[in-house]
Amino acid sequence: MRICFTLRVRPDRIDEYKARHREVWPEMRAALSEAGWHNYSLFLAEDGLLIGYLECDDFHAALAEMARTEVNARWQAEMAGFFVGDGNADERMRPLDEVFHLD
């Protein structure tokens, strides 16, 4: 399944957000792969709109698997202040409805 989601990065933290993603921890990358996240990309607009895309077998299972990892807990704690709104970014992800796909 293909998943696309949006979040909002605080405009004053965009540069730091980009810098953090140039150096994602190897153990975080491994955890995502092991949890079934594939072909995962993040796109960031200059106004802070973040668009995520990933492929997985079961999105809810992939999120749940990440929630069980210690590395994700550390990553989410460090990244929480980058986002507009309250709470963990993983918990606020809501998939968008796919309305068209061209193979």
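Refer to the preceding data block for the structure.
Worth saying up front: this structure is predicted, and the values here are computed from it rather than measured.

(A) Fine view of the nonpolar core. Counting 27 residues, the largest nonpolar core has M28, W37 and F83 as its most contacted members. When residues of this core are traced back to their parent elements, those giving at least two are β1 (2-8), α1 (14-22), α2 (26-34), β3 (49-55), α3 (59-67) and α4 (70-79). Counting residues per element, this core draws most heavily on α3, which supplies four residues. If near-sequence neighbours (up to four positions away) are discounted, M28 is found in contact with M66, V71, N72 and W75.

(B) Spatial organisation of the packing of α2 against α4. Running from N to C, α2 and α4 cross one another at 120°; their axes reach a closest spacing of 9 Å. It follows from the interaxial angle that α2 and α4 lie oblique. Seen along the crossing, α2 lies across α4 with a hand that is left-handed. Every residue of α4 that contacts α2 at E27, M28 and A31 is listed here: V71, N72, R74 and W75. Partitioned by chemical class, the residues of the contact of α2 with α4 number four nonpolar, one polar and two charged.

(C) A look at the packing of aromatic side chains. Counted by the stated rule, this structure contains five aromatic pairs. Ring plane angle 90° and centroid distance 5.0 Å describe the contact between W25 and W75, whose orientation is recorded as edge-to-face. A residue pair is termed long-range when its members are at least 10 positions apart, and W25 in the loop between α1 and α2 and W75 in helix α4 qualify at 50 residues. Residue classification places W75 among the buried positions, given a relative accessible area of 9%. Here a set of aromatic residues connected by ring pairs shows up, and it is made of Y17, F82 and F83. Against the face of F82 rests R13, its NZ or CZ located 3.9 Å from the ring centre.

(D) Layout of unusual backbone geometry. Unusually for a residue other than glycine, N39 sits at a positive phi of about 50°. With respect to the helices and strands, N39 occurs in strand β2 (residues 38-44). The class of N39 is partly exposed, set by a relative accessible area of 49%.

(E) Structural view of the packing of α1 against α4. Following both chains from N to C, one finds α1 and α4 inclined at 160°, their axes separated by 12 Å at the closest point. Here α4 runs roughly antiparallel to α1, going by the angle between their axes. Where α1 crosses over α4, the handedness of that crossing is right-handed. Together, Y17, R20 and H21 of α1 and W75, E78 and M79 of α4 make up the contact between the two elements. For the contact of α1 with α4, a count of residues per class yields three nonpolar, one polar and two charged.

Rules and cut-offs
Residues numbered from 1 in each chain as written. Predicted model: local features only at pLDDT ≥ 70, side-chain atom pairs only at ≥ 80, totals over all residues. Heavy atoms only, no water. Core = buried A, V, L, I, M, F, W, Y, C linked by side-chain atoms within 4.5 Å. Buried < 20%, exposed > 50% of the residue type's maximum accessible area, 1.4 Å probe, protein only. Helix = DSSP H or I, 4+ residues; strand = E, 2+ residues; numbered from the N terminus. Contact = heavy atoms within 4.5 Å. Axes fitted to C-alpha atoms, helices over the stretch in contact; angles between N-to-C directions. Parallel < 35°, antiparallel > 145°, perpendicular 65-115°, else oblique. Left-handed = near helix turned anticlockwise from the far one by under 90°. Nonpolar A, V, L, I, M, F, W, Y, C, P; charged D, E, K, R; others polar. Phe/Tyr/Trp six-rings, centres within 6.5 Å; stacked < 30°, edge-to-face > 60°. Lys NZ or Arg CZ within 6 Å of the ring centre and 35° of its normal.

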